[in-house]
Amino acid sequence: MPFTLTETFKTRAALVCARYPRKDAALIPLLQELQREKGYVAEEAMDALAVFLGLPYSRVKAVVTFYTMFNRVPAGKYHLQVCRNVSCHMAGAPGLLARLREKLGIAEGETTKDGLFTLSAVECLGACGTAPVMQVNDTYFEKLDAGKLDALLEDLRHGRLRAIGR
Amino acid sequence: MENILLKDKVESLEGYFAAGGYRPLKKALAMKPAEITEEVKRSGLRGRGGAGFPTGLKWSFIPKDAQGPRYLVCNADEGEPGTFKDRELMLKNPHALIEGMAIAGYAIGAGAGYIYIRGEFAAEADLLEREIFAARGKGFIGSNILGSGFSFELYVHRGAGAYICGEETALLESLEGFKGQPRLKPPFPAVKGLFGAPTVINNVETLAAVPAIIEKGGAWYASIGTPKSAGTKLFCVSGPVNKPGVYELPLGVSFKELLEKHCGGLKAGVRLKAVIPGGSSTPVLTAAEAMAAALDYESLAAAGSMLGSGAVIVIPEGQCMVKLLQVLARFYHHESCGQCTPCREGCGWIEKILNRLEEGRGTARDIETLYSAADGMLGRTICPLADAMAMPVMSFVKKFREEFEAHAAGRCCAPEAAGKH
Ligand SMILES: Cc1cc2nc3c(=O)[nH]c(=O)nc-3n(C[C@H](O)[C@H](O)[C@H](O)COP(=O)(O)O)c2cc1C
Ligand code: SF4
Ligand code: FES
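## So, the overall build of chain B
Broken down by element type, chain B carries 20 helices and eleven strands. Computed over the C-alpha atoms, the radius of gyration of chain B is 22 Å, within 12% of the 22 Å expected from 2.2 N^0.38 for a compact globule of 421 residues. For chain B, the C-alpha atoms occupy an extent of roughly 75 × 45 × 35 Å along the three principal directions. Looking at chain B as a whole, 62% of its 421 residues qualify as buried. Here the contacts in chain B between residues at least 6 apart in sequence split such that 70% fall between residues at least 24 apart. Of the roughly 15,300 Å² of accessible surface on chain B, a fraction of 54% belongs to carbon and sulfur atoms.

Structure, rendered in structure tokens:
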């Protein structure tokens, strides 16, 4: 599949590059931009960006594989990221993860067949005071319990991703 | 005591301004840059990111005669497990950070600053961009700030998921568009930092304290807290307490006061087992040690731990210490950047042994191996991540040895918690 950078992207990219004295510093922000557009960063997109920034493909690839927030395959419409670190662990994260595995019929790292949900276990999200925490796409859901989790899944199934009060 | 950082009604520029905000910037711009650094030295302010390095001293390491650009970088990566203070501070008082950066930028002669914020904090990054835009509109950021001739650009740079990027030189690598692998020091960032230029890197909470110090003076700030640990600190308390959250208190406050007076005590029916006082990298304290501890740099060092980022993790009876250490080992192993053999291999080894012990396949010898593996990682690596793994391992094994022994003998020590595994 040929991949071309859109004009909108190129216009944004020029603004992003201008924030840095060297334009290759814009690599990560631009990968984020690409992921925002498509939901993931395909090999072809990495290649196109490498050409655009005048960088070797290997550098782009190394960066994409180093950072956990880049998806190299399309993720589900909702990416459920459950914190498994110590404060969330004590507050019941393993139970939440088990519940999600069971309800969605997938393991961590997998996507449901309908493409709606991807499940991940992630490290501390910096919100331990309101543990247990799950991030769905960009939005934090805090002080979760089984009931809230079920309600949230229902909401998402109906296309509603909305923040709840902390 | 009145809060310096966490205040009400200062989320917006209007609110912040009405509360006297940006007056310190005006005052600072009428001072000589070196006078500002002196004032910050006098305040006794120390880095709030974890290491506690004196802030004014750090600023003074920028070579006086350096030609070319200089940079100021704010570390808003907030990845240390247990830590959630910078997020709260950025949401509640973003302009204290923005103003603090403008003042620090002026003090060190930086023309630009970057806030490196962890990628997961999308809402917080959007908010910062909005508030910087507002500050620029009023002439507090940008060219010729308040007619002083000093220009300072400020950008938000989002991370992409990697705990190691909280380490300052990994952060610089990441900001330059590379993998976040820590650099060998020297050269130190003050001499050769971002894009090869002299750079100061400070935590969000450190920079946000600067406006108040300029406004009220270093001596005033130094009068808060203890003689060596000056000022207030944001303590983030997580675990089974009635009111977990972020509390701004003078350094030197006792853990007991933090727990009982501010956090409303332990939840009903909960008994204290242990406390990690400064984020997951700091040595654990037993309940008795914690109840006797004061929370400042020196007291916690004397108690065998560290103030770290001020992340107080409360661990109740019923939690299995082997399991919790396994959770931490999985984390550090996952986050090791892999450059140094002792760290890469050591973290992997430790995780494996803990998996064995957790699954009931461990032996008594595993406990010795665990301890000596950790010991062998200390102080041998490019960055302190290896130490950050070793310190919890050694303290958990030393202080809760019987639980490790029970596992080695095939029994989980905390049957009440078994269902929660
Ligand atoms: C593995 C590792 C992770 C770190 N993570 C953070 C972090 O998330 N935020 C932070 O401010 N400092 C972090 N630090 C400390 C920084 O390296 C650095 O000391 C700090 O940003 C300096 O600012 P300060 O002097 O204002 O504390 C980390 C250090 C290490 C070794
Ligand atoms: S100690 Fe670990 S994380 Fe730090 S540089 Fe070495 S391998 Fe990387
Ligand atoms: S441990 Fe889950 S948000 Fe920090």
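Following the structure, the description resumes.
## Details of the domain arrangement of chain A
A common way to state how big an interface is: give the accessible area lost once the parts meet. Domain boundaries assigned for chain A yield domain 1 (7–66) and domain 2 (78–157). Spacing between the C-alpha centres of domain 1 of chain A and domain 2 of chain A amounts to 29 Å.

## Description of the interface of chain B and chain A
Listed by partner, the interface residues are 57 residues for chain B and 38 residues for chain A. Both faces combined, the contact of chain B with chain A buries some 3,800 Å², and carbon together with sulfur accounts for 59% of it. For chain B, the biggest contributors to the area lost against chain A are Arg87, Glu120 and Ala160 of chain B; these three give 15% of the whole. Across the chain B-chain A interface, the total number found is two salt bridges. Between Arg87 of chain B and Glu142 of chain A there is a salt bridge, with its nearest N and O atoms 2.9 Å apart. Put simply, the parts of the chain that give the side of chain B that touches chain A at least two residues each are helix H5 (85–92), strand E3 (153–158), helix H8 (168–175), strand E5 (232–238), strand E11 (311–316) and helix H15 (321–335) of chain B. Of all the elements, H15 of chain B adds the most residues to the side of chain B that touches chain A, at eight residues.

## Considering the state of the cysteines
Enumeration according to the criterion identifies zero disulfides over all chains in this entry. Unpaired in terms of disulfides, Cys165 of chain B finds its nearest cysteine sulfur in Cys337 of chain B, a separation of 9.4 Å. Given the relative accessible area of 1%, Cys165 of chain B is considered buried. Distance from the sulfur of Cys236 of chain B, which forms no disulfide, to the nearest cysteine sulfur (Cys128 of chain A) is 7.3 Å.

## A short note on the nonpolar core
Core analysis: the largest hydrophobic core is formed by 89 residues, its most contacted members being Ile350 and Phe404 of chain B. Per element, the largest residue contribution to this core is nine residues, and it comes from helix H18 (residues 385–399) of chain B. When neighbours within four sequence positions are excluded, Phe404 of chain B is seen to be in contact with Met321, Val322, Leu325, Leu354, Leu357, Ile367, Leu370, Phe396 and Val397 of chain B. With 75 residues, the next largest nonpolar core counts Val122 and Ala131 of chain A together with Leu97 and Phe152 of chain B among its residues.

## Focus: the sheet that holds strand E4 (residues 139–141) of chain A
All names here are of chain A. The sheet built from four strands is open, its strands ordered E2-E1-E3-E4 with mixed pairing. Each edge of the open sheet carries a strand with a single partner, namely strand E2 (117–122) and E4. On average, each strand axis in the sheet is tilted by 25° relative to the strand beside it, whichever way the strands run. One ladder, built from three bridges, connects strand E3 (residues 134–136) with E4; its direction is antiparallel. Each residue of the ladder has a partner; that of Val136, found in E4, is Thr139. Sheet strands touched by helix H7 (residues 146–157): strand E1 (78–83), E2, E3 and E4. Its angle to E3, the strand with the most contacts, is close to 5°.

## Considering unusual backbone geometry
Residues Ala131 of chain A and Pro132 of chain A are joined by a peptide bond in cis, for which omega reads -5°. Structurally, Pro132 of chain A is set in the loop between E2 and E3. Of the consecutive residues Pro186 of chain B and Pro187 of chain B, the connecting peptide bond is found in the cis state with omega at 0°. Inspection of the secondary structure assignment puts Pro187 of chain B in the loop between H8 and strand E4 (199–203). The phi dihedral of Lys9 of chain B is positive, around 60°, even though this residue is not glycine. Structurally, the position occupied by Lys9 of chain B is in the segment before helix H1 (13–18). At Asn144 of chain B, a position not held by glycine, the phi torsion is positive, near 50°.

## Regarding the site of ligand 1
All names here are of chain B. Contacts to ligand 1 come from 17 residues, most closely from Gly49, Lys58, Asn75, Asn203 and Thr206. Here an oxygen atom of ligand 1 and a backbone polar atom of Glu78 are 3.1 Å apart. Summarising the interface, the protein chains cover 90% of the accessible area of ligand 1, which totals 620 Å² for the free molecule. Looking at the shell around ligand 1 element by element, the count peaks at three residues for E4. In terms of residue class, the shell around ligand 1 is made up of three nonpolar, eight polar and six charged.

## Brief notes about helix H6 (residues 94–108) of chain B
Because an α-helix packs 3.6 residues into every turn, residues spaced three or four apart end up facing the same way. All names here are of chain B. With 15 residues, H6 should cover 21 Å at 1.5 Å per step; its first-to-last C-alpha distance of 21 Å lies within 8% of that length. In terms of residue burial, H6 counts as a mostly covered element, since 15 of its 15 residues are buried. Once H6 finishes, Gly109 follows within two positions and takes phi at roughly 75°, a positive value.

## Quick word on the sheet that holds E4 of chain B
Residue and element names in this part refer to chain B. The strand order across the open sheet formed by four strands is E3-E2-E1-E4, and the pairing between neighbours is parallel. The sheet is open, and its two edges are formed by E3 and E4, each paired on a single side. Across the sheet, the mean angle from the axis of one strand to that of its neighbour is 20°, orientation sign disregarded. As paired strands, strand E1 (residues 71–76) and strand E2 (residues 112–117) are joined by six bridges and run parallel to one another. Looking at E2, one finds that Cys74 is bridged to Ile115. Strands in contact with helix H7 (residues 122–137) are E2 and E3; relative to E3, the strand with the most contacts, it is inclined by about 170°.

## Thoughts on the pairing of E1 of chain B
Counting buried positions along E1 of chain B gives six out of six residues, so the element sits mostly inside the fold. Here E1 of chain B shows no split at all, with Tyr71, Val73 and Asn75 of chain B on one side and Leu72, Cys74 and Ala76 of chain B on the other all buried.

## What to know about the packing of helix H6 (residues 93–104) of chain A against H7 of chain A
All names here are of chain A. Closest axis-to-axis distance for the H6/H7 pair is 11 Å, and the angle between their directions is 40°. Classified by the angle their axes make, H6 and H7 are oblique. Remark: the crossing between H6 and H7 carries right-handed chirality. Residues Leu96, Arg99, Leu100, Lys103 and Leu104 of H6 lie in contact with H7, whose contacting residues are Ala146, Leu149, Asp150, Leu153 and Arg157. Across the contact of H6 with H7, the residue classes break down as six nonpolar, no polar and four charged.

Thresholds, definitions, all that
Residues numbered from 1 in each chain as written. Chains lettered and ligands numbered in written order. Predicted model: local features only at pLDDT ≥ 70, side-chain atom pairs only at ≥ 80, totals over all residues. Heavy atoms only, no water. Helix = DSSP H or I, 4+ residues; strand = E, 2+ residues; numbered from the N terminus. Rg over C-alpha atoms; globule rule 2.2 N^0.38 Å. Buried < 20%, exposed > 50% of the residue type's maximum accessible area, 1.4 Å probe, protein only. Contact = heavy atoms within 4.5 Å. Areas by Shrake-Rupley, 256 points an atom, 1.4 Å probe, with all protein chains shown as cover. Domains from an automatic or database assignment. Buried area = accessible area lost by both parts, 1.4 Å probe. Salt bridge = Lys/Arg side-chain N within 4 Å of Asp/Glu carboxyl O. Disulfide = S-S within 2.5 Å. Core = buried A, V, L, I, M, F, W, Y, C linked by side-chain atoms within 4.5 Å. Pairing = 2+ DSSP bridges. Axes fitted to C-alpha atoms, helices over the stretch in contact; angles between N-to-C directions. Near = heavy atom within 4 Å. Polar contact = N/O pair within 3.5 Å; in protein donor to acceptor, adjacent residues only side chain to side chain. Nonpolar A, V, L, I, M, F, W, Y, C, P; charged D, E, K, R; others polar. Expected span 1.5 Å × (residues − 1). Parallel < 35°, antiparallel > 145°, perpendicular 65-115°, else oblique. Left-handed = near helix turned anticlockwise from the far one by under 90°.

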